[in-house]
Amino acid sequence: MKLSKKLSLSVSLLVVLIVITLILVIGTIVKKDLVTVVEEEIEKSAVNGALIIEKTIEGKLGRVMELAENSNVQSMDFELQRQELLPTISRLSFEDIAIVDRTGVGMYVKDRKESTHLKENYSDKVKEGKPFFSKIFISDITKNPVFLLCAPINKNGVVIGYVVARTNASFLNEITDTLGHGKTGYAYVVDSEERIVAHKTKDRLGKFGKDFNSTMAKAVKDVVASKESGVVSYKNTLNKPVYA
């Protein structure tokens, strides 16, 4: 199967997953007589932002899939794989790349540390032998949001392992920084567990909607539960209406 066909399959998968796992929220304070106009603008901006995020992740996963087709990577000789992949880490702006076997256990090529995240959290995905990306989680080391891009190593029609690229998700903030509405509006991203994974205030990363005021918590819960674009409203701590 040609790479272009593989990518088209992964795109259809990403479109479904991104809607379920990443929700873009844009909050702003508005005057009552402008509510309808602002609601339309907020929804349009959020949808466009979600598409940018989707395309960015899609592109990153495509590059990992290309790495998995390299003959040195397919050799499953770790030293050959390491020699091939080390220059790629910085070139593609990954934190590190691991080679993982079908049990979900492997080793990172840069620091030679064991990788067990797939075994602990995605063993079923690994058994399927298809490309996928992990949920965003907060790194214990950097305290930044990261996620894993996982592409199967397929040799002679048999999946023999995975290339796993650990990626800093800070690009989400770069995208949300360009969104918002007026002077008070800003964008942030929450995942399907209502965890904040991109926010202008760094100390909110990794926290949940419920960690803040109750009306915001309900708004986040409603957005995640709907799995669709739309606008919800709540009052902030100053008792002013906020639309998201």
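What this report covers is the structure whose coordinates are included nearby.

What follows deals with the overall build of the chain. Scanning the chain from N- to C-terminus turns up eight helices and 12 strands. Considering only residue pairs separated by 6 or more positions, the chain has 54% of its internal contacts joining residues 24 or more positions apart. Here the chain has roughly 12,700 Å² of accessible surface; of this, 53% comes from carbon and sulfur atoms.

Glancing now at the nonpolar core. Within the largest apolar cluster, 32 residues are counted, with the highest numbers of intra-cluster contacts made by Phe94, Ile97, Phe147, Leu149, Val163 and Leu172. Mapped by element, the contributors of at least two residues to this core are helix 2 (35-67), helix 4 (78-91), strand 2 (96-100), strand 7 (145-155), strand 8 (158-168), helix 7 (171-176), strand 9 (186-191) and strand 10 (196-198). Here this core gets six residues from one element, more than from any other, and that element is helix 2. Those residues in contact with Leu149, other than ones at most four positions away along the chain, are Ile57, Lys60, Leu61, Val64, Phe94, Phe132, Phe133, Val163, Val164, Ala165 and Thr167.

What the rule picks out here adds up to three aromatic pairs. Geometrically, the ring pair formed by Tyr122 and Phe132 is tilted, given 5.7 Å between the ring centres and 35 degrees between the ring planes. Of this pair, Tyr122 sits in the loop between helix 5 (117-121) and helix 6 (123-128) while Phe132 sits in strand 5 (residues 132-133), and the two are 10 residues apart along the sequence. Exposure class is identical for Tyr122 and Phe132. Each is buried. You can call Phe132 buried: its relative accessible area is 3%. An aromatic cluster of at least three residues, connected via ring pairs, comprises Tyr122, Phe132 and Tyr162.

Structurally, Lys127 is set in helix 6. Taking C-alpha positions, Lys127 is 7.9 Å from Thr103, a pair spaced 24 residues apart along the chain.

Let us look at the pairing of strand 9. Summarising burial for strand 9: five of the six residues are buried, a large majority. Where strand 9 lies against strand 10, two bridges are found, and the strand directions are antiparallel. Pairing of Val189 across the sheet is with Ala198, part of strand 10. With antiparallel pairing between neighbouring strands as the criterion, strand 9 and strand 10 make up a hairpin whose turn holds four residues, including Glu194 at a positive phi of roughly 70 degrees.

Rules used in this analysis
- Residues numbered from 1 in each chain as written.
- Predicted model: local features only at pLDDT ≥ 70, side-chain atom pairs only at ≥ 80, totals over all residues.
- Heavy atoms only, no water.
- Helix = DSSP H or I, 4+ residues; strand = E, 2+ residues; numbered from the N terminus.
- Contact = heavy atoms within 4.5 Å.
- Areas by Shrake-Rupley, 256 points an atom, 1.4 Å probe, with all protein chains shown as cover.
- Core = buried A, V, L, I, M, F, W, Y, C linked by side-chain atoms within 4.5 Å.
- Buried < 20%, exposed > 50% of the residue type's maximum accessible area, 1.4 Å probe, protein only.
- Phe/Tyr/Trp six-rings, centres within 6.5 Å; stacked < 30°, edge-to-face > 60°.
- Pairing = 2+ DSSP bridges.

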